[in-house]
Structures are given as C-alpha cells and as structure tokens.
Amino acid sequence: MTLRTMLMAATIVVALASVGVFSVRGRAIWTVLRRTRPVVRWDRIGERLLSVGTQVFGHRRMVRIPLSGILHYFIFSGFVVLLLDIVGTIGQVFRPGFGIGPWLSLAVDVWVALVLVGVLMAVYNRAVLRPARFHGSDERDAYMILVLIAIIVVGIVVHESFYPVVAASFFHVADPSLKSEFLGNGLYHVWQNLGWTTPTAGLVGYTVGYLMDIGVVFAFLAYLPYSKHFHILLAVPNIFFRNLRPIGELVESPPDETMAIRSFDDMRWKDVLDLFTCTECGRCQDVCPAYAAGQPLSPKMVILDLRDRLVSDWGRSEADAPPLAGGAVSREALWACTTCGACQQACPVFIEHVPKIAGLRAALLEDGDVDPAAQKVLVAWERQGNSFGQPARKRPEWAKGLEFPIRDARKEPVDWLWFVGDFAALDPRAREMTPVVGELLHRAGVDFGILYEAEVNSGNDALRIGEYGLFETLAQKNLKVLEKATFQRVFTTDPHSLNALKNEYRKFGFDKPVFHYTEAFLALIQEGRLPVSPVPIRATYHDPCYLGRWNHITEAPRELLRVLGVDLREMPRHGEQSFCCGAGGGRIWMDESGIVERPANQRIREALALPGITHFVVACPKDVSMFHAAATALGVDDRLRVTDVTELLAAAVGLRATPLPAAMAMGASE
Amino acid sequence: MRIAVLVKDVPDLVEELELDESGRGLAVDDLSYVPSEWDDQALEEALLLKEASGAHVSAVALDTGDVDNMLYTALAKGADRAVKLVGDYDRTLPGRQRARILADYLAGAGYDLVMTGVQAVDDLDGQIAGLLGGMLGWPHASVVRDVAVDSGAVRFVQEYAGGRMAEFRSSTPLVLGVQAAKKPPRYVPIARIRQVSRSAALEEVEAGGSPSESLAAIERLYRPEAQGHATMWDGDAEQVAAALVALLDEQHLRS
Ligand SMILES: Cc1cc2nc3c(=O)[nH]c(=O)nc-3n(C[C@H](O)[C@H](O)[C@H](O)COP(=O)(O)OP(=O)(O)OC[C@H]3O[C@@H](n4cnc5c(N)ncnc54)[C@H](O)[C@@H]3O)c2cc1C
Ligand code: SF4
Ligand code: SF4
C-alpha cells in the first residue's frame, strides 16, 4: 500500500466516523427542535445578514472585552483559513499535484501563526488572568479545544514541512515547495539539518502531520456537538435568527393557554438553539445584577443547566424527574432575576435569557410557588389595579393641590394622554414629583389629560413575574378606556409603563406613539415652548433598564441634561450597558434574603467613584425610591443627591430651587 | 375524607366604607367584594390535607351575588368540586339564616368534615361553625389550626391564652372554624381560573328561599366614636417623628 492509498483510506474512515458521531447528536437535537413552539425568525433577511456581518465578521459585541475579542478574532478567522488548508491538504493526497496556490498558502501560514498567538493569549487569559465570568464554565472542555486547535495548526506546518521530502518519492510530482509556506519551509530546513529527509523520515513525518491536521479536524468535528464549541457552527445561525422585534416585547403574541415552560416542548425553537450555542463565555454572568448581589442566579448557568438537562434525557423526562422550574433551575435563581436584560445585551451570540426565565417563573407561579410579598402585589393588581393595594380613587389624588385642573381624558379630547403609572401616582416619595410634572406641562402649554381612577397598572411587571393572565386583564382594562379616549400620543414618566404601552400592547392592536418625559421635555425645550436657565451641577445619570436597554432611549435624557446646563459625567456602566437598580421584574417587592450587597448600593458606589459628583440623576419613579434608600443606607445622602430629572427641570424653569445635597445646601446657606 | 369548605365574599376594606341611608347597613352600591381571607385559609388547609393524605374537597358558596369567580378560583387552586346553593337571597342575608341553608344542604350531602373560616370581616361573629355544629348535631370547634387526618378521625390544635395549646381528636362528621392554614394560601394564575371557568361547571343546588330564623336586628351602624383622648398626628413620617420626639421630651421620657 502506498502512502497515498493509506492516507486516502484513513481520511475516508475518519470522515465517515466523524459524520456518524456528529449526526447522532445532530439528530437528537433536531428531534427536540421539531417539537418546540413556533416563532418567526425568517423575516427581514437583509437586516439579519447585516447583523451576521457586524457581529460575526465584525465581532461587534466580542470586542467589548478587548483581550478576549482579539484572541477570539485570531482563532475565529483561523477557522475560515483552515477550510482552505483542508481543501489544499486533502486535495494534495487525493489528486497529486493539487495546490491552492502561493497566496492562499501564504494566508494559511500567516493564520497558523495568528491562531497560535490566539491560543497562547487564551491560555494566559484562562490560567493567569482567570476572569470571574468563567466561574461555573467547563474548564476542561475549554482547554481540550485549545489543545485540539493547537494540534491542528501545528500539524499543518508539520505536513507542509515534510511535503518536499515525500513529493517526488510518494506523490510522483516535482518538488512544489512554495516559498510562501514560510513556516513549513523553515521547519524543512530544520529537518535538513537533522538529516530527517530520508524517504522513511518523510513518510513518517508527513503521515504524522497529516493526521494531526486532517485526522484531528474530523475528530474535532465529531466532538463539536458534545461541547460548548458547537458555537463554531451554531453562532452564525443563532445570530441570524436573533430577535429583531422590539426587544422590550417579552411575549410576541397571546399564548394559547399559558406562557409556562414545563418541558422543552414549551420553548420556542430558538430557545433550544440558544442552549446549544452558548459559548460558556460568562459575559452574561459578569453583568448580571443578581449575580453581583450574591444571589444564586447566573444567566450563564440558567442556559447551561437547561442544556445539560436537555442532553441528559432529550426532553423525555420520566414523570418523577425534577421539574425544569425549581429543579433544573432553582426557584431562588428564577425569582432573583430583575429582568434587566443585561445578560441578553452582553451575549455575543444573542442568546435570549429573559423569555426563558419568565416562562420558567410562570411554571412556578402555576404551582403557587411565588414570593409571599409579590403574591400580595399580584392580588392588589387584580383587585385594586395598583401594587400599593390602594383604592382606585386614590390614584389621581396627587393632582389635588394643583392650581389648575387636569383634564379628564375619558371625557374630552386631549393632545397628550399622560399615563401616570403606580409609582408616580402612589409612592409617597415619587408622588411628590408628579404634580411638578403637571405644572411643567401646563407651563409649556401642552394640552394634556389623565385617565384618573380608570388607569390601572400597565401590567409590565406582572408579565415579567410570569402572570400573563393578569397582565392581559390589566392591559384590557387600560385599553378599554384608552380606546374610548381621543388623544395623539401617550406621555409617561415611568419606563415600565412605557415599555408595556409601546411594546406589549401592540399585540392587542394599540399603536399610538409613546414618549418618555425625557424625550418630551427635550422636544418642548428645543421648540422654545419651555424656556430654561442653566442648572450648573455636576451629575451622573443612571439609565433605567426599561428605558435604555429595552427601549434604546439613552440619548434624549443626556441631551436634556446638556440642554439644562448639567455637567454630565458618565459612570463606567452606562447607556445600554447600564447596571440595574435591582427593582425590575417584580424584585422590588420580593424577599431580599441572600443578597450580599444590593445592586442599588453598588450603583451608588460606582457613582461616588466619579470625582466631584453631587447629583445622581434618575428618570424613573421606581429609581427615586430605590436610590434614595441606597444613598441613605450607605450614609452618603448628604453629599450625593438622588434627583429626578423633574426636579432639575423645575429648577431650570424657576418653579423650584435647585435641589442640593445636604452638605452643599448647608454650605450655601452659611 | 370528604371535605366541604364554606366560602363567602366580604366587602373590600381597602375601599372607603359608607353607611346607607337607614344607618343600619353599608351602602352596598359602591362596595367591591373580595373572598373572605379566613375562607382562603380554610380552603388552603383543606387542599393541604388533600395533598398530604388524600381527600375530596368541595367548595360551597351561597349564591348571594357574584360568587362564581370565587368558586372557579377554588377549583383552579385544586378543589375537586364547586357547589353553588341557589335561591332568592343577597349579600345582606344574616349569618343565622345562612347557617340554616348551609345546614340543610350539608345534612344530606355526605361530608365528613366541614371547614369554615374562623370569622368574616363583615360581622366578626365567628358563629357559622358553631351554629352549623348545633343545627347538624355534629361536634364543632373553632379558632383551630394544624388540621390532620388520623385513621378516619380528625386532629387539630386550638391555641389558648398564655401561649398554651390544646390538641384535639374528633370523630367525623365534624365542623371546624379554621383560624389559619399551615402555609399562606396559594396563588393561582388568572389564566388558570379562566381556563377552569371555561372547562369546569359549577354544581347548582336549589336551596329555596330565606328560612325563618329568630334574628337579632341591627339597630344602628356607626363609626367608632372618638372619646377625645387621642391626638392624631398628621403629616409625613418625618413630621410625625418630630411630634413624637417633642412629646417624649415634654414628658421627660427621653434621656
Ligand atoms: C371568632 C373568634 C375570634 C377571636 N379572636 C380573638 C383575638 O383576636 N384575640 C384574643 O385574645 N382572643 C380572641 N378570641 C378568643 C376570645 O377572646 C375568648 O377566648 C373567648 O371570648 C372566651 O370564650 P370561649 O368561647 O373561649 O369560652 P367559654 O368557655 O365558652 O366561655 C364563654 C362564657 O360562657 C360562660 N361560662 C362558660 N363556662 C361557664 C361556667 N362553668 N360557669 C359559668 N359561666 C360559664 C361565661 O360567661 C363565659 O365568659 C376569639 C374567639 C373567637 C370565637
Ligand atoms: S435579566 Fe438581568 S437579572 Fe436577569 S439574569 Fe439577565 S442579567 Fe441577571
Ligand atoms: S449565554 Fe451568551 S454571554 Fe452567557 S455564557 Fe453563553 S454565550 Fe456567553
């Protein structure tokens, strides 16, 4: 048997074996996928291709962590080049004389070097830097893959280096050695010096190099679907099938019976694809406020635990197997989520954690497993329509002290319909600002009205607790009055209400434009309807999750602060990468045991690290209450003033004095 | 063990209560009604019994108004059957008459254990369990908790003054007024209630008109009258705290 016949036989055997092993798992996954719930992810092909371009070939999210982004780019691009090598190498054996030409061969060698650098950087990252985000990931698997990659690229150089030795004797072609294969050539000179250019040495050397390359490539292929490295194949489709609808919409269309996820059949196919695409990179864990607070939730582990559970029985659980919600993922983990969406925003392969968490919560809720305090709120929403358990007639009471009547949008047409929201209407602290918002609108000559006691909670949080039915009940109550009222746009100070009205009510046909007060007041000032004088303070601004991340409204509040003359300093985590206050997803009402340090306190400390900051500006009524509590708890409320945008607006138009932290206020009065 | 849990709805105390023109009752038009919280406790205790040792649980309500949703909720939580006693009556039906209608139904319905909430906010009598026991001639105990089934008999606990407890064991049939369940009443998602209301039917039992019972009549209903000894401090938490500190200082109670 000649070398060629032997290598051809070996190639065919390993290729078949590899495809066989691969398809065993591939089929199993396919079977699960076919039983899942439908979701349309084939639309808007152009945009989808574009995001594959920017996220896969542009590594847009990957480079947010520069070292990892660069090393990954080296290795990732190496895979593209590796395909050339596979064609060249197998071609060489099957058709003597075949080659991919000097330029592509040069590219292969350049990338061999880059991949090796990438692998070394990865080892350095994992072994020396050891970022916390890897905690809980499968380290053995990660190293295994790095070793396989290293073997493959070294194998490329090894068989290249012996090719000149075997070309004439075994392939019967003239020595085609390409100068451009600089690594192979270099090594060939080493063999020459060592005297390893005999036909036997060539035969052994080439065979070893070939198997290190092609043999390991096929072994790698077989291993892929059993490892986190499946993402090499799945990342592209997973990014292609990403959610292009408004991301603030948790549930696309009313579920048939329930949104609960009890088995993998209850997931959408994209959710299952997500599980196998996870790279275990831990970027989601790194940004998770619940994880940072010391709670037993890591979005990465939610994905991995679900994946591990799926491959343990392929969704064919025995009746007495532990449930997904409260079994595969603990109830404590599920109820710890603030639904802030930071995990989804950080994930380089666009995995959607929040719909899975909400679906699992819905399963817990159906079994009556919900935090008692949150349960009280659910009951209050159902009975009184607000989380405070206050009678509906208390809702518009904040408007009583105003010198002008606020129009009743149920009875007369208005231009702007102000959806007030529970907190702005009923929370003792947040409520102080609400009449001021009214005064500002009045002063700007806006024709606005409210729904008085007919407004109920928007249902945004109920949905995120997993209570779809209650969300729908609340939404229908609001829609009943909204549909009868005449107005041009909705105005609100509350990002949670904004999210529901803008994104979640669409499935019931509501399509009026919805504006946050930061956007609306910016426009009023720019139109000259609200003259302002500067408020010269140095402040930082906290992006509410439901405004910034879920609705991409990050620029308007900043522009508004600039227009007000505020010296704005950014915290390291800002804009869509903001850090949650800890209140979302119903967390504001839930038990805090297990929390080592509240996210809101961590956030205040992040602000305090900025030099000379006197104001912590918020744009959400819940944030007013969360961060006041945090600043007080940390004992810094005398030097850092938690301020709603409204207070700054009131100062800028001369309605109120500029709010100052106690320390400064004393200084000012002395 | 066949268990009947008696449930009713009561005015939601969150709403402002107004007296009606006669001054002997509440102005019912403006009221919203919620399930009596102690009935929720009784139902929860019954469902926990079912889960622990197997039982057939029926929720029973007098049709004094919109009780359907309350019964569907009981079914959604895990009750096996919901019975609505229909007849010509409304929410003003006095407890004694309610007890008579319930007793007439329960007498022949084959239950081993009847559980009621210990009391309801609309009268605070806590009498239904006792009245039923008397009318049916069954053993009765009220203000009980920790109900358990023990080889055909029922065990339960009553709490006495001074932190003492009494453990009872009774044969069946038996009437218990339940103070609290072992766990807080469970939540049931609204979608589940809707689903049950589409798929399950309430069992309607004709219960006739209001029975004649000798009743104590309410002469006058009124708000607690201030005796002039209390001073109420208005204002927010800080103002109230300041007033309290001032008072403590005035009385030399602060060192
Ligand atoms: C619905 C309900 C709610 C309650 N809520 C509370 C609460 O919130 N807080 C609290 O502390 N307690 C509460 N209690 C308990 C209650 O305050 C006392 O325990 C109760 O009033 C005492 O009556 P009894 O039925 O336990 O005693 P019983 O033994 O029935 O005594 C009642 C009366 O009968 C007469 N009597 C009984 N035996 C004799 C005798 N041998 N000789 C002469 N006269 C006799 C006496 O006049 C006696 O006062 C509640 C009770 C009920 C039923
Ligand atoms: S949504 Fe926020 S809290 Fe929930 S898992 Fe993701 S990062 Fe953590
Ligand atoms: S879910 Fe995304 S961000 Fe989280 S570990 Fe997996 S790939 Fe990384």
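Being a predicted model, the structure only gives us computed values, none of them experimental. (Residues numbered from 1 in each chain as written. Chains lettered and ligands numbered in written order. Predicted model: local features only at pLDDT ≥ 70, side-chain atom pairs only at ≥ 80, totals over all residues. Heavy atoms only, no water.)

Section: the overall build of chain A
Next up, step 1: Along the backbone of chain A there are 27 helices and 9 strands.
Next up, step 2: If one aligns the C-alpha atoms of chain A with their principal axes, the spans along those axes are about 100 × 60 × 45 Å.
Next up, step 3: Burial statistics for chain A: of 670 residues in total, 57% are counted as buried.
Next up, step 4: Within chain A, contacts between residues separated by at least 24 positions form 81% of all contacts whose residues are at least 6 apart in sequence.
Next up, step 5: Of the accessible surface of chain A, which amounts to about 26600 Å², a share of 61% is contributed by carbon and sulfur atoms.
Next up, step 6: Positive and negative side-chain charges of chain A, numbering 68 and 70 respectively, have mean locations separated by a distance of 1 Å. (Helix = DSSP H or I, 4+ residues; strand = E, 2+ residues; numbered from the N terminus. Buried < 20%, exposed > 50% of the residue type's maximum accessible area, 1.4 Å probe, protein only. Contact = heavy atoms within 4.5 Å. Areas by Shrake-Rupley, 256 points an atom, 1.4 Å probe, with all protein chains shown as cover. Lys, Arg positive; Asp, Glu negative; His and termini not counted. Charge placed at Lys NZ, Arg CZ, Asp CG, Glu CD.)

Overview of the site of ligand 1
Residue and element names in this part refer to chain B.
Next up, step 1: Every residue lining ligand 1 is accounted for by Val118, Gln119, Gly126 and Val143.
Next up, step 2: Burial of ligand 1 by the surrounding chains reaches 12%, relative to a free accessible area of 970 Å².
Next up, step 3: Considered class by class, the residues forming the shell around ligand 1 number 2 nonpolar, 2 polar and no charged. (Near = heavy atom within 4 Å. Nonpolar A, V, L, I, M, F, W, Y, C, P; charged D, E, K, R; others polar.)

Comments concerning the pairing of strand 4 (residues 56–62) of chain B
Residues and elements named next belong to chain B.
Next up, step 1: Of all the 7 residues making up strand 4, 6 are buried; the element is thus mostly covered by neighbouring parts of the structure.
Next up, step 2: Strand direction decides the pairing type here: strand 1 (residues 2–6) and strand 4, joined by 5 bridges, are parallel. In the sheet register, Ile3 faces strand 4, and the bridge partner there is Val57.
Next up, step 3: Both strand 4 and strand 5 (residues 81–86) contribute to a ladder of 5 bridges, which runs parallel. For Ala59, the partnering residue across the bridge sits in strand 5 and is Ala82. (Pairing = 2+ DSSP bridges.)

Some remarks on the confidence of the model for chain B
Next up, step 1: Here chain B shows a mean pLDDT of 92. Residues at 70 or above account for 100%.
Next up, step 2: This prediction of the complex comes with two scores: 0.90 for pTM and 0.85 for ipTM. (pLDDT = per-residue confidence, 0-100.)

Quick look at the interface of chain A and chain B
Next up, step 1: Contacts between the two partners involve 22 residues from chain A and, on the opposite side, 16 residues from chain B.
Next up, step 2: In total, chain A and chain B occlude about 1600 Å² of area from one another, counting both sides; carbon and sulfur atoms represent 46% of this.
Next up, step 3: Inspection of the chain A/chain B interface yields 3 salt bridges.
Next up, step 4: For the pair chain A and chain B, the number of links is 9 residue pairs in polar contact (both at pLDDT 80 or more).
Next up, step 5: Among the elements of the structure, helix 15 (353–366), helix 16 (372–383) and helix 20 (468–484) of chain A are those that each provide at least two residues to the side of chain A that touches chain B.
Next up, step 6: Per-element accounting of the side of chain A that touches chain B gives the leading share, 5 residues, to helix 16 of chain A.
Next up, step 7: Split by residue class, the side of chain A that touches chain B holds 7 nonpolar, 7 polar and 8 charged. (Buried area = accessible area lost by both parts, 1.4 Å probe. Salt bridge = Lys/Arg side-chain N within 4 Å of Asp/Glu carboxyl O. Polar contact = N/O pair within 3.5 Å; in protein donor to acceptor, adjacent residues only side chain to side chain.)

Topic: the sheet that holds strand 5 of chain B
Residues and elements named next belong to chain B.
Next up, step 1: Spatially, 9-8-7-10-6-1-4-5-11 is the arrangement adopted by the 9 strands of the open sheet, whose pairing is mixed. Strand pairing shows two members of the sheet lacking a second neighbour, strand 9 (165–170) and strand 11 (203–206), which therefore form its edges. Neighbouring strand axes in the sheet, compared pairwise and without regard to direction, differ in orientation by 35° on average.
Next up, step 2: With 4 bridges connecting them, strand 1 and strand 6 (residues 113–117) associate as parallel partners. Looking across to strand 6, one finds that Ala4 is bridged to Val114.
Next up, step 3: Against the sheet, helix 2 (residues 68–77) engages strand 4 and strand 5, with an angle of about 160° to strand 5.
Next up, step 4: The strands touched by helix 4 (residues 128–136) within the sheet are strand 1, strand 6, strand 7 (140–150) and strand 10 (174–178), with strand 10 carrying the most contacts at an inclination of about 175°. (Axes fitted to C-alpha atoms, helices over the stretch in contact; angles between N-to-C directions.)

Thoughts on helix 24 (residues 599–608) of chain A
Residues and elements named next belong to chain A.
Next up, step 1: Burial runs high along helix 24: 8 of the 10 residues are buried.
Next up, step 2: Residues Pro599, Ala600, Asn601, Gln602, Arg603, Ile604, Glu606 and Ala607 constitute the buried set of helix 24.
Next up, step 3: Elements that come into contact with the buried residues of helix 24 comprise helix 11 (289–292), strand 6 (538–541), strand 8 (615–618), helix 25 (621–633) and strand 9 (641–644).

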